[in-house]
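# Geometric and topological summary
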Amino acid sequence: MSTPMLPADGSYIEMTSFGETLPDVRVVTATDEVITLSMALDDLPPANSEVRLRWAAAPRGGYALVGTVAGIDGNRVEVRYSATPAIEQSRDFVRGGGGEPIVLVRPGLESAQGLIHDLSEGSVRAHFTDVEVALGDEITLRMQVGDEVVAFAARASKVSSVRQQIPVRGPLMVELVAVFTAADEHQARVIRRYILTLQMRARAQAR
């Protein structure tokens with residue numbers, strides 16, 4: 001039986017793994033040591049990887065918990081944890097943007113320029129053409145955010161590639177999701193401020 005601080009059996013929570021957030025992950029059971037989740041096979045996190053779980057804790061915001069994937073059985077995932085769930089006050093951990101230039105820097109290879117699909121203060125999704133990058137690669141990303149240029153050490157957490165075939169065989173289109181690995185509060189604030197500005201402009205134009 002789950003305690004009041006844990007998510008209720010059958011409820012839906014948010015799970016973040018390697019920078020990718022799944023908003024509707026079902027809780028099978030939650031105990032004082034293990035939370036068992038059910039999700040699509042394509043969304044399963046790697047065994048022994050670290051995941052972050054969040055669920056509502058009205059009116060104060062939400063609970064957050066970091067755990068380790070201790071077991072996978074079909075579409076069920078056991079997340080083992082030892083710390084007490086922590087209260088997170090509601091705040092703007094914003095994601096937005098799109099179309100800004102970004103430069104991918106890889107050791108021993110030429111830099112490659114792409115375009116941002118969306119970003120947050122913790123990760124970025126971007127598109128590149130004909131680049132060599134693999135899951136887990138340590139890279140550096142440099143991007144123009146408003147009037148400032150920021151650079152982050154990052155790790156490739158998801159890479160998908162599709163080669164253009166129609167009307168003729170063309171370039172390899174690469175979508176990269178990268179998680180920033182070096183915390184830099186100043187640069188995180190730059191991104192947060194930039195995206196909030198974009199959101200305010202969009203709301204003003206919609207009126």
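Description of the structure in this document. (Residues numbered from 1 in each chain as written. Predicted model: local features only at pLDDT ≥ 70, side-chain atom pairs only at ≥ 80, totals over all residues. Heavy atoms only, no water.)

## Quick look at unusual backbone geometry
Filter applied, for reference: Secondary structure counts use DSSP, requiring at least four H or I residues in a row for a helix and at least two E residues in a row for a strand, with both numbered from the N terminus. A 1.4 Å probe rolled over the protein chains alone gives each residue an accessible area, and that area as a share of the maximum for its type sets the label: buried under 20%, exposed over 50%, partly exposed in between.
Its identity is not glycine, yet Asn48 carries a phi of approximately 70 degrees, on the positive side. Within the secondary structure layout, Asn48 lies in the loop between strand 3 (34–38) and strand 4 (50–56). One non-glycine residue, Asp130, lies in the positive phi region at around 55 degrees. Its relative accessible area of 48% is what places Asp130 among the partly exposed residues.

## What about the environment of Leu176?
For clarity, the cut-off: Pairs of residues are marked as contacts when any of their non-hydrogen atoms sit within 4.5 Å.
Mapping Leu176 onto the fold places it in strand 14 (residues 172–180). Taking C-alpha positions, Leu176 is 7.7 Å from Phe128, a pair spaced 48 residues apart along the chain. Ignoring anything within four residues of it in the chain, the contact list for Leu176 reads Leu104, Val124, Arg125, Ala126, Phe128, Val133, Ile139, Ala156, Lys158 and Val159.

## A short note on the pairing of strand 11 (residues 123–129)
The test is simple: Any two strands with at least two DSSP bridges between them are considered paired.
Of all seven residues that make up strand 11, five are buried, and the element is covered over most of its length. Here strand 10 (residues 112–120) folds back onto strand 11, and the loop between the two strands holds two residues. For strand 11 and strand 14, the ladder comprises seven bridges, and the chain directions are antiparallel. Bridging across to strand 14, Ser123 finds its partner in Val179.

## So, the pairing of strand 10
Inspection of the sheet shows strand 8 (residues 95–96) paired to strand 10 by two bridges, in the antiparallel sense. Its bridge partner being in strand 10, Gly96 is matched across the sheet by Leu119. Connecting the antiparallel pair strand 9 (residues 101–105) and strand 10 is a turn made up of six residues, with Gly108 showing a positive phi of about 75 degrees. Relative to strand 11, strand 10 runs antiparallel, the two being bridged by four bridges. Note on strand 11: the bridge partner recorded for Leu119 is Val124.

## Some words on the nonpolar core
Here is the rule we go by: In plain words, nonpolar cores are sets of buried Ala, Val, Leu, Ile, Met, Phe, Trp, Tyr and Cys residues tied together by side-chain atoms within 4.5 Å.
With 26 residues, the main nonpolar core has Ile102, Val124, Phe128, Leu141, Met143, Leu176 and Phe180 as its most contacted residues. Elements that contribute at least two residues to this core include exactly strand 9, strand 10, strand 11, strand 12 (138–145), strand 13 (148–163), strand 14 and helix 1 (185–206). In this structure, Leu22, Ala30, Ile35 and Met39 belong to the second largest nonpolar core, which totals 19 residues.

## A few points about the pattern of salt bridges
Quick note on the threshold: Salt bridge, as applied in this entry: a Lys or Arg side-chain nitrogen positioned within 4 Å of an Asp or Glu carboxyl oxygen.
Scanning the entire structure with this criterion turns up eight salt bridges. For Glu20, the salt bridge identified is with Lys158, shortest N-O distance 3.9 Å. Here Glu20 is found in strand 2 (residues 20–30), whereas its partner Lys158 is found in strand 13, with 138 residues between them in sequence. Overall, Glu20 belongs to the partly exposed group, its relative accessible area being 24%. In this structure, the salt-bridge partner of Asp118 is Arg125, at a minimum N-O distance of 3.8 Å. Each of the salt bridges in this network shares a partner with another, and the network as a whole consists of Glu20, Asp118, Arg125, Lys158 and Glu175.

## Details of the environment of Arg95
By secondary structure assignment, the location of Arg95 is in strand 8. A relative accessible area of 37% places Arg95 in the partly exposed class. Along the sequence, Arg95 and Glu121 sit 26 residues apart, while their C-alpha atoms lie 7.7 Å from each other.

## Details of the environment of Arg142
Looking at the secondary structure, you find Arg142 in strand 12. Residues Arg142 and Ile102 lie 40 residues apart in sequence; the distance between their C-alpha atoms is 5.7 Å. Here Arg142 is in contact with Ile102, Val103, Val105, Val149, Val150 and Ala151, once residues within four sequence places are set aside.

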